[in-house]
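One letter stands for each residue in the lines below.
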Amino acid sequence: MNAEAKTGERATWFADVVLPLAVPNLYTYRVPFEWNELVKPGQRVVVQFGKNKLYMALIRKLHQNPPKDYQAKYIQDILDAKPIVNETQLKFWDWISAYYLCTPGDVLNAALPAGLRFSSETRIILNEEFALDEVAEDFFTEKEWKLVIALNDKKEMSLDEAVVALEIKSVQPIIQSLLTKGFARVKEEIRDGYKPRTESFVRIAALSETELQKAMTELEKKAFKQLQVLMAYMQLSDWHTGKPKEVKKSRLLAHSGVSASVVDQLVKKGIMEVYSQEVSRLLLSDKAIEKANDLADFQQAAIDEIHEHFKDKDAVLLHGVTSSGKTEIYMQLIEEAISQNRQVLYLLPEIALTAQLVQRLKKRWGNKVGVYHSKYSDNERVEVWNTLVTPKENNFSVIVGTRSALFLPFSDLGLVIVDEEHDGSYKQQDPAPRYHARDSAIYLAHMYNAKVVLGSATPSLESYYNAINKKYGLVELKTRFGGMEMPEIDVCDVGEEKRKKLMKSIFSPFLLKNVEEALSKKEQVILFQNRRGFAPFIECNVCANVPSCINCDVSLTYHKQADLLRCHYCGYSTGLPKVCTACGSPNMQIKGFGTEKVEEELMIFFPQARVARMDLDSTRAKHSHSKIINQFEDREVDILVGTQMVTKGLDFDNVSIVGVLNADSGLHFPDFRSPEKSFQLMAQVSGRAGRKNKRGKVIIQTNNPDHPIIQQVVKNDYMGMYLEQIEERNKFSYPPFTRLIEITLSQKNQDDLEVVAPDLAIELKKRFGEERILGPEYPVISRVQNYYMKKILLKIERDKYSSKVKGMMMEALNEFYTMSKEHARTRIKIDVDPQ
Ligand code: ADP
Ligand code: ZN
Ligand code: ZN
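It should be emphasised that the depicted structure is a prediction, and the values quoted were computed from it without experimental measurement. (Residues numbered from 1 in each chain as written. Chains lettered and ligands numbered in written order. Predicted model: local features only at pLDDT ≥ 70, side-chain atom pairs only at ≥ 80, totals over all residues. Heavy atoms only, no water.)

J.: What is the right way to look at the overall build of the protein chain in this model?
T.: The helix and strand inventory of the protein chain stands at 27 helices and 34 strands. Rg of the C-alpha trace for the protein chain: 31 Å, near the compact-globule value of 28 Å for 835 residues, within the 12% margin. The proportion of buried residues among the 835 residues of the protein chain is 54%. Put simply, of all contacts in the protein chain between residues at least 6 apart along the chain, 75% involve residues at least 24 apart. Of the roughly 39000 Å² that the protein chain leaves accessible, carbon and sulfur atoms contribute 50%. (Helix = DSSP H or I, 4+ residues; strand = E, 2+ residues; numbered from the N terminus. Rg over C-alpha atoms; globule rule 2.2 N^0.38 Å. Buried < 20%, exposed > 50% of the residue type's maximum accessible area, 1.4 Å probe, protein only. Contact = heavy atoms within 4.5 Å. Areas by Shrake-Rupley, 256 points an atom, 1.4 Å probe, with all protein chains shown as cover.)

Below, the structure is given as structure tokens:
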């Protein structure tokens, strides 16, 4: 905005802004003349939208073209002096919204931490850490002070109430300033908003040398304790240097061993002052810097290969068996990026995996390592964000995070690592944007001119296909670090054992024998069963009726500990029926088994063993997940039973036996990805066996010992699995040969759904061609939370997928929505590249 500065004219500027709402378009607002010099893309502003509602919005673009169809309203206020989202990020947002067919507002809501978003509905509260009497008089402006008083009075206020209290229209800048100063915070329904952490510090008031001497003489006679505190302060602050260091009030109290009232007395006498100050939550870690391991020759060779590929490719797939030393290789690449002053993003599929890795990285790079994920409190996330926006000397060089870390304001990203790249958790399910973090990372890296390493022991078919076809470089590590052997894998034919009546409850004698041996040698065991709860369902032995959810089209899972039947889709629960609700027979039987039952049965067979369970139910409480892992690491637990949570990249060094209790459920799931997923799951869980100094053993219980996937797992034959599956995908035109878009229509009224769903299929066929549209069809689970669902699948050849898809899709939807009331009422969910 410098044109008018030169000509002296007052140009009329407009800003296209992203609203935090699911509206399809950007909205255009007028920039008041006096702010012409101040506005920049990437700043947050306050705008009015809809009926008198005020919203925080983000400037996407500035231009001089008034909107054609409406009179632009004025921007009400500017919230940021400098952009908090940079141009590259904004382009990344555009790409996400275009590729994943969602609104710019959806992207904004996913990208910005909650503490940086607020709207009319936002409620403001005073920060509990705030103490009015510790604040210097000129700390607040007049308006801020007025709001503080009102907040103190009312405890919590909406923005509208603040408008009334302050008698001015736009209160957001004042609130923003209170937020920044740490005296107010946003009350979020789910999470807490940003609140800088403030702490109380003490110092000696502005006294002259003689005044101070006089005061000390007085204290010596009348108030010895106070003198002690004063002396303690002088000691802690290195007073004699003439440049006293800052001293926390808490530290002073601890050091001098007096109560807070003694300090209060000194403050009253005007000898000392208490002041509060923001402290960062982030930079508290130890600075211990550990030297890098010397790389083994094969690791150095892998790094050389990676560099070679990077000469003409942006991404490399590092396919290395579990424990082959991939992480060490990443660390070497990170070192190189850091030495070039570039930033590194290290993505992991799950929060659970971050702790172990962050420890490992912090030992090497200390405070240069930042963490960012959704379980991190919002305050901490805002601090990471702000730290990256304002580059300082001690900035983060490495960010470890889950998928949302893609949206951080990087300035010079040089390397992105996507570890466990095959993991389905990289895909966001709900709400939109339903983006895939691995695929998005490739695009993000491209924009920053950065390189990507995708790593996995069991790569996704998509990535391996890209590597085979030379789109990515391929580097393979076939052996474990330190010459450790891959585990021995034995298959146990459960059908056969059952016929011979040898099964002991859910365990084969072979598995029991091996577990017993391991326990006697003080080795640990992991047992994997991919169902939580006690039993997947209960069934009437007379009429075969299975109790199912009242809201969903699924059977209820029996949870013995809670003594309830529970729906895993909507959370509905009910007591166990005494008699069959259909025929009245009391003869109800538990069928199948989940982790809870495995745990209980283990206690019968191994009463001495310490057993822990890791699944969604046992890890709901904060920290419970890492507690279980720590206990297992510290060998306070002998047998760990769990769902797929136990399969993911964790390092344990004393596990000699891994058991897969029922390999069959995944094999027969009606989804084109399920063979691939089953292979990955079993190969990953096998990888937990025998990591340090002994070969481990894996025992797979199955009714289908000859199933190709089982055989490929046994032979550790990734290539065999890949070739067979890629052939299937090709034959039936599935990814990676096509792109899929899954459209789910849902309605409370099933008849209405039946009527409207085909209309969308027709509109899509008109635009994309008959042959590319499948459905509408009921999915396997056709009703969830009282909504009936039908799915339409759009298959587009890979080379035909273009930026036109979004426009065509929007056209079809608009056509559909305007057909009737029933059409308009239909909920539609679009999922690009469903997993
Ligand atoms: P992956 O990421 O492939 O599972 P890791 O990088 O975690 O493998 O390595 C497996 C184990 O081998 C770890 O305990 C790691 O510390 C050790 N290791 C790997 N490379 C080296 C090395 N160059 N020097 C010493 N130890 C190494
Ligand atoms: Zn019955
Ligand atoms: Zn339900």
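From this point on, the discussion continues.
J.: Where do I start with the coordination of the zinc ion (ligand 2) in this structure?
T.: Six octahedral donors at a metal ideally form angles of 90 or 180 degrees, and four tetrahedral donors ideally form angles of 109.5 degrees. The zinc ion (ligand 2) binds to the protein through C540 (SG), C543 (SG), C580 (SG) and C583 (SG); the donor distances cover 2.3 to 2.4 Å. One can describe the donor arrangement at the zinc ion (ligand 2) as tetrahedral, given that its four donor atoms subtend angles of 103 to 114 degrees at the metal. Read from N- to C-terminus, the donor residues coordinating the zinc ion (ligand 2) fall into the pattern C-x2-C-x36-C-x2-C. One end of the pair, C540, is in strand β21 (residues 537–540); the other, C580, is in the loop between β24 (573–575) and β25 (588–591), and 40 residues separate them in sequence. With respect to class, C540 is no different from C580; both count as buried. (Donors = N, O, S within 2.8 Å, 3.2 Å for Na, K, Ca; no water. Tetrahedral: all angles 85-135°; square planar, octahedral: opposite > 155°, others 65-115°.)

J.: Honestly, the coordination of the zinc ion (ligand 3) in this entry has me stumped. Any pointers?
T.: Note on the zinc ion (ligand 3): its protein donors are C549 (SG), C552 (SG), C567 (SG) and C570 (SG). The metal-donor distances range over 2.2 to 2.3 Å. Around the zinc ion (ligand 3) sit four donor atoms, and with donor-metal-donor angles ranging over 105 to 114 degrees the site reads as tetrahedral. Counting the intervening residues between successive donors of the zinc ion (ligand 3) yields the motif C-x2-C-x14-C-x2-C. Taken as a pair, C549 in the loop between β21 and β22 (557–559) and C567 in the loop between β23 (564–566) and β24 lie far apart in primary sequence, 18 residues in all.

J.: What is the right way to read the site of ligand 1 from this model?
T.: Around ligand 1 sit 16 residues, and of these D294, Q299, S323, K326 and T327 come closest. Residue S323 places a main-chain N or O atom 2.9 Å away from an oxygen atom belonging to ligand 1. S324 is positioned with one of its backbone polar atoms (N or O) 3.1 Å from an oxygen atom of ligand 1. With the chains in place, 79% of the 550 Å² that ligand 1 exposes on its own is no longer accessible. Here the shell around ligand 1 gets three residues from one element, more than from any other, and that element is helix α12 (residues 326–339). (Near = heavy atom within 4 Å. Polar contact = N/O pair within 3.5 Å; in protein donor to acceptor, adjacent residues only side chain to side chain.)

J.: Any chance you could explain the packing of helix α11 (residues 297–310) against α12 here in plain terms?
T.: Two numbers describe a pair of packed helices, the interaxial angle and the distance between the axes. α12 packs onto α11 with a crossing angle of 50 degrees between their chain directions and a minimal axis gap of 10 Å. Taken together, the axes of α11 and α12 lie oblique to each other. Note that α11 runs across α12; the crossing there is right-handed. Each of Q299, A302, I303, I306 and H307 in α11 lies in contact with α12, whose residues at this interface are E328, I329, Q332, L333 and E336. Partitioning the contact of α11 with α12 into residue classes produces five nonpolar, three polar and two charged. (Axes fitted to C-alpha atoms, helices over the stretch in contact; angles between N-to-C directions. Parallel < 35°, antiparallel > 145°, perpendicular 65-115°, else oblique. Left-handed = near helix turned anticlockwise from the far one by under 90°. Nonpolar A, V, L, I, M, F, W, Y, C, P; charged D, E, K, R; others polar.)

J.: Help me understand helix α8 (residues 224–236) in this model?
T.: One full turn of an α-helix is made of 3.6 residues, so residues set three or four places apart face in the same direction. For α8, with 13 residues, the first-to-last C-alpha span of 18 Å sits near the 18 Å given by 1.5 Å per residue. Taken residue by residue, α8 has Q226, L227, V229, L230, A232, Y233, M234 and L236 as its buried positions. Downstream of α8 by one or two residues, D238 has phi in the positive range, about 55 degrees. (Expected span 1.5 Å × (residues − 1).)

J.: Sorry, what's going on with the side chain of T595 here?
T.: The topology assignment puts T595 in helix α19 (residues 595–605). The exposure class of T595 is buried, given its relative accessible area of 0%. Here D615 takes part through its side chain, which lies 2.6 Å from a polar atom of the side chain of T595. Residues contacting T595, with those up to four places away along its chain left out, are Q529, R531, R532, G533, R613, D615, V641, G642 and T643.

J.: Please explain the sheet that holds β24 as it appears in this structure.
T.: The strands making up a sheet are joined through hydrogen bonds of the backbone, oriented either antiparallel or parallel. Sheet architecture is open: three strands sit in the order β22-β23-β24, paired in antiparallel fashion. For this open sheet the edge positions go to β22 and β24, each flanked by a neighbour on one side alone. Each strand of the sheet is rotated relative to its neighbour by a mean of 35 degrees, with strand direction disregarded. Across three bridges, the pairing between β23 and β24 is antiparallel. Its bridge partner being in β24, L564 is matched across the sheet by G575. (Pairing = 2+ DSSP bridges.)

J.: How should I be thinking about the confidence of the model for the protein chain in this particular structure?
T.: When pLDDT is averaged along the protein chain, the result is 87; 92% of the residues meet or exceed 70. No element of the protein chain has a lower mean pLDDT than helix α1 (residues 3–7), which averages 48, and none a higher one than strand β17 (residues 451–456), which averages 98. Counting contacts from residues 1–6, a segment whose pLDDT is below 50, to residues more than four positions away or on other chains yields eleven contacts. (pLDDT = per-residue confidence, 0-100.)

J.: Looking at this model, I keep getting lost on the pattern of salt bridges. Mind explaining?
T.: A side chain of one charge can pair with a side chain of the opposite charge if their charged atoms are brought near each other. As enumerated under the stated definition, the model contains 41 salt bridges in all. A salt bridge links K731 to E728; the shortest N-O distance between them is 3.9 Å. Of this pair, K731 and E728 both sit in helix α24 (residues 718–731), three residues apart, which is roughly one turn of the helix. Note on K731: relative accessible area 56%, which makes it exposed. (Salt bridge = Lys/Arg side-chain N within 4 Å of Asp/Glu carboxyl O.)

J.: Hey, could you run me through the nonpolar core in this one?
T.: One recurring pattern in soluble globular proteins: nonpolar side chains tend to sit buried together. Core analysis: the largest hydrophobic core is formed by 111 residues, its most contacted members being W93, L345, I399 and I741. A total of seven residues in this core trace back to one element, the largest contributor, which is helix α25 (residues 750–768). Ignoring sequence-local partners within four residues, the contact set of L345 consists of I399, A405, L406, F410, L413, L415, V416, I417 and L444. Counting residues in each nonpolar core, the second largest holds 31 residues, with Y330, Y346, V400 and I417 among its members. (Core = buried A, V, L, I, M, F, W, Y, C linked by side-chain atoms within 4.5 Å.)

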